[in-house]
Amino acid sequence: MSLSSTDSTRFALIHDDSMAATIPAAAAATTQPSSAAASSVQALIAQDPYLEPYRAALEHRLSLFESTLSQIVKNEGSIDRFARGFDRLGFTVSDSAITFREWAPDHWNRDSHPMTKDAFGVWEIVIPHVAGKPAIEHNTKVKISMLKPDGERIERIPAWIRRAVQDLSVSPVYEAVFWNPPTPYKFVHKRPPRPQSLRIYEAHVGIASPESRVATYKEFTKDVLPRIKDIGYNTIQLMAIMEHPYYASFGYQVTNFFAPTSRCGTPEDLMELIDTAHSLGITVLLDVVHSHASDNVLDGINQFDGTDHQYFHEGPKGRHELWGSRLFNYGHYEVLRFLLSNLRYWIDCYGFDGFRFDGVTSMMYTHHGIGTGFSGGYHEYFGGGVDLEAVVYLMLANHFVHTVYPNAITIAEDVSGMPTLCRPVSEGGVGFDYRLSMAIPDMWIKLLKEKSDDEWDMGNIAFTLTNRRWKEPAISYAESHDQALVGDKTIAFWLMDKEMYENMSDLSPLTPVIDRGLALHKLIRAVTYGLGGEGYLTFMGNEFGHPEWLDFPRAGNNSSFHYARRQYNLVDDGLLRFKYLNNWERAMHQLEQQYNWLTSDQYVSLKHEGDKVIVFERGNLLWIFNFHPSQSFADYRVGTAWSGKHRVALHSDRKVFGGHERIDDAGEYLTVPQRWSERPNWIQVYIPARTVLILSHE
């Protein structure tokens, strides 16, 4: 193996395959659970007695975690030190030299400079500075050249490279760059406190502009961060940051795990974005992709050492048949180092405050969720279909992140409903802080596609919004990026479709379609926000009813950027009705900041199918939704837990929200101490069709 740069400097590696280390997960499968594991999982079972038949599986899972962690601590001293791989592997620069190290377990022949190896097959070369300066200049293109045993020479991008760039005039293949700026970025602002209530703005930097091109980190910092702050979101979830050659993959076909995508700017530009967000009190999460990797060979880590099993499982087990990507071998010691170090790298070097883990369902099951419908039966979560090595990795990841960074946040994208996913690792849980409530957006799209308004089932809506595991916090959302991809549409476009092109101006008539669309858009988001979880998320632009769908430049659309952009100009135009939805979003966030309902209990007191009314209590607020398409109700009796005077906290019928001003903002509602809807008191309200009335109480 040799390292080469554009100045033709070459350095050789030699090594054998005698130290291809593997963690003992498979071997540990034959061991008995520890007594500590047996006692720890009791807390899970006490919380959910239905887990009792699966006690042994929970104990075994925790034992595997303990065994793996124990080996890491024995070999490295601590998991903290183990996860500092980027301080040692790849390019590191000292005052006197550049050191390059790479893990490549297969055989290579000596060409020139022999390299030393450690116990795990990691080889290194030290390149002394010349005249006090690094021998490799900043922004120099570099690659690894390796000679296989059969004489074939192959070239790769270093697996730990921190910057990769593409020059389409030369080749679509990304090239590695030695990134060592003479003046490193210095962070100015401290991380904000961990949010008590998580209000997440899911964002993709590249599409964060009305223009038909790739937007930049600097533009996002200047133009989008102030919007996020103004509207009331306290957290950003950044997608498509890890380098991915195929733009249309939405960032989910990663090639270079330690390199932020260069199509949006420099690493320092991303650091500035995060630093500026922190100055605004905004927490920043990375959409991290550890569930799979691109199958690219020349600019990825697939077949890095010439084999198909260095970072991944070999054969079919190492390939995702639907995604066309490679699947990590989570049972390998050096793969664990690579992935855990990757988490630390994004926190330490870029200032991220936590992660949304993509594709967790695919990770946790050997079938990867393909062709599998999860019924909720516990046998699906603890049987032979579970990939214990992957689950143990997720436990290690959460243990590491929460031990070293107590205020960090982790969120799981899991559609299966795995019990204990958001319980502490110390109890035998997987350790995430939150899970995404993925059934909720599916419900809304299904209703909009298949049901007329008078067919909406209030009971099913309330059930879907509240169907989550006790003490396992969930992030609710009406729509994310998934619902807007080509072939589908945003909720606003499902509601208003082509009329959005013609009748969203205040100068045009308020047609029945637009009136219905504005009203239901507000109600859908409000009931999801109020009842659906312990956190709330929206995808950028959907807060103001972004039209159409998402479609990245690709061969099938003549490489068009038309649908790969966010039209913030629509909400900035004071003559357009998008502003009403944006105002409603801001008002909801202000109310949540005041009443903190995301961290409070909830009680649904009414689901009336005929009236299309849902009533619930949460955050010391009484929420009254009328989904009826035409019927308004005067003197509508509603149960309440609180006695005394109730006042209007917020309602969706104000003119500033595109409403019709049918509710008196100064109205007061006095309780009657009689039982109604299983509540000790009742009040009577006027609730117009397609509105929500939210009341506070004295």
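As shown above, the structure is provided for reference.
The shown structure was predicted, so the numbers you read here are calculated from the model rather than taken from an experiment.

**Some words on helix α12 (residues 439-450)**
Here's step 1: Between its first and last C-alpha, α12 extends 16 Å over 12 residues, near the 16 Å set by a 1.5 Å rise per residue.
Here's step 2: Of the positions making up α12, those classed as buried are I440, P441, M443, W444, I445, L447 and L448.
Here's step 3: As for α12, its buried residues are in contact with α13 (458-466), β21 (474-476), α14 (481-484), α15 (491-496) and α17 (512-531).

**Describing unusual backbone geometry**
Here's step 1: Unlike most non-glycine residues, D497 shows phi in positive territory, near 45°.
Here's step 2: Here D497 shows up in the loop between α15 and α16 (499-502).
Here's step 3: For N596, which is not glycine, the phi torsion reads 50° and is therefore positive.
Here's step 4: Within the secondary structure, N596 is located in the loop between α19 (578-595) and β23 (602-608).

**Considerations on the environment of E321**
Here's step 1: The residue E321 is located in the loop between β16 (319-320) and β17 (325-326) in this model.
Here's step 2: Considering only alpha carbons, one finds E321 and Y686, 365 residues apart in sequence, at a separation of 55 Å.

**Overview of the side chain of T140**
Here's step 1: By the element assignment, T140 lies in strand β7 (residues 140-147).
Here's step 2: Accessibility expressed as a relative area gives 11% for T140, which makes it buried.
Here's step 3: Among the polar contacts made by the side chain of T140, one reaches the main-chain carbonyl oxygen of E137 at a distance of 2.6 Å.

**Looking at the packing of helix α6 (residues 217-231) against helix α7 (residues 267-279)**
Here's step 1: Viewed as axis vectors pointing N to C, α6 and α7 meet at an angle of 20°, and their least axial separation amounts to 8 Å. On the basis of their axis angle, the class for α6 and α7 is roughly parallel. Crossing of α6 against α7: the hand is left-handed. Residues Y217, K218, F220, T221 and L225 of α6 lie in contact with α7, whose contacting residues are D269, L270, E272, L273, T276 and A277.

**A closer look at the side chain of S508**
Here's step 1: With respect to the helices and strands, S508 occurs in the loop between α16 and α17.
Here's step 2: When its relative accessible area of 15% is taken as the criterion, S508 is described as buried.
Here's step 3: A distance of 2.7 Å separates a polar side-chain atom of S508 from the backbone oxygen of S505.
Here's step 4: Beyond its immediate stretch of four places on either side in the chain, S508 contacts E502, N503 and R577.

**Overview of the packing of α17 against α19**
Here's step 1: Across the interface, α17 lies against α19 with an axial gap of 10 Å and an inter-helix angle of 20°. Relative to α19, the element α17 lies roughly parallel. Crossing geometry of α17 relative to α19 is assigned as right-handed. Two secondary-structure elements touch here, α17 through L518, H521, K522, R525, A526 and Y529 and α19 through L581, W584, E585, M588, H589 and E592.

**Notes on helix α8 (residues 333-350)**
Here's step 1: Spanning 18 residues, α8 covers 25 Å between terminal C-alpha atoms, matching the ideal 26 Å at 1.5 Å per step.
Here's step 2: With 16 of 18 residues buried, α8 lies mostly within the body of the structure.
Here's step 3: Phi turns positive, to about 90°, at G351, one or two residues after α8.

**Observations concerning the environment of R647**
Here's step 1: Residue position: R647 is located in strand β27 (residues 645-651).
Here's step 2: As for R647 and T221, which are separated by 426 residues in sequence, their C-alpha atoms are 40 Å apart.
Here's step 3: Here E698 takes part through its side chain, which lies 2.8 Å from a polar atom of the side chain of R647.

**Concerning the sheet that holds strand β25 (residues 621-626)**
Here's step 1: Spatially, the 6 strands line up as an open sheet ordered β23-β24-β25-β30-β27-β28, and their pairing is antiparallel. The open sheet has two free edges, formed respectively by β23 and β28 (668-670), since each of these has just one partner strand. Strand after strand, the sheet turns through a mean of 25° between neighbouring axes, direction not considered.
Here's step 2: Both strand β24 (residues 613-618) and β25 contribute to a ladder of 6 bridges, which runs antiparallel. Within β25, the position partnered with V615 by the bridge is I624.
Here's step 3: Most of the contacts of α19 go to β27, to which it runs at about 140°, and overall it touches β25, β27 and β30 (691-697).

**Some details on the pattern of salt bridges**
Here's step 1: Counted under the stated rule, the structure contains 49 salt bridges.
Here's step 2: Across the pair D353 and R191 runs a salt bridge, and its minimum N-O distance is 2.9 Å. Pair noted here: D353 is in the loop between α8 and β18 (354-357) and R191 is in the loop between β10 (171-178) and β11 (198-204), with a separation of 162 residues, a long-range link.
Here's step 3: Judged by relative accessible area, which is 39%, R191 ranks as partly exposed.
Here's step 4: Between D287 and R356 there is a salt bridge; the shortest N-O distance is 3.0 Å. Of the two residues, D287 sits in strand β15 (residues 283-288) while R356 sits in strand β18, which places them 69 residues apart along the sequence. A single burial state applies to D287 and to R356, both of which are buried.

**A word on the pairing of β15**
Here's step 1: When you tally the buried positions in β15, you get 6 out of 6 residues, the bulk of the element.
Here's step 2: A two-sided burial pattern is seen for β15, the buried positions comprising T283, L285 and D287 on one face and V284, L286 and V288 on the other.
Here's step 3: Here strand β12 (residues 235-239) pairs with β15 via 4 bridges, running parallel. The partner of L238 across the bridge, within β15, is L286.
Here's step 4: Alignment of β15 against β18, held across 3 bridges, turns out to be parallel. By the bridge assignment, V288 is partnered in β18 with F357.

**Looking at the packing of aromatic side chains**
Here's step 1: Under the defined criterion, the tally for this structure stands at 50 aromatic pairs.
Here's step 2: An angle of 65° between the planes, with centres 6.0 Å apart, marks the rings of F493 and W549 as edge-to-face. One end of the pair, F493, is in helix α15; the other, W549, is in the loop between β22 (535-539) and α18 (568-572), with 56 residues separating them in the sequence.
Here's step 3: We classify F493 as buried; its relative accessible area is 4%.
Here's step 4: One residue, K579, lies across the ring of Y580, its end atom 4.5 Å from the ring centre.
Here's step 5: Directly above the aromatic system of Y603 lies the positively charged group of R679, at a separation of 3.9 Å from the ring centroid.

Rules used in this analysis
- Residues numbered from 1 in each chain as written.
- Predicted model: local features only at pLDDT ≥ 70, side-chain atom pairs only at ≥ 80, totals over all residues.
- Heavy atoms only, no water.
- Helix = DSSP H or I, 4+ residues; strand = E, 2+ residues; numbered from the N terminus.
- Expected span 1.5 Å × (residues − 1).
- Buried < 20%, exposed > 50% of the residue type's maximum accessible area, 1.4 Å probe, protein only.
- Contact = heavy atoms within 4.5 Å.
- Polar contact = N/O pair within 3.5 Å; in protein donor to acceptor, adjacent residues only side chain to side chain.
- Axes fitted to C-alpha atoms, helices over the stretch in contact; angles between N-to-C directions.
- Parallel < 35°, antiparallel > 145°, perpendicular 65-115°, else oblique.
- Left-handed = near helix turned anticlockwise from the far one by under 90°.
- Pairing = 2+ DSSP bridges.
- Salt bridge = Lys/Arg side-chain N within 4 Å of Asp/Glu carboxyl O.
- Phe/Tyr/Trp six-rings, centres within 6.5 Å; stacked < 30°, edge-to-face > 60°.
- Lys NZ or Arg CZ within 6 Å of the ring centre and 35° of its normal.

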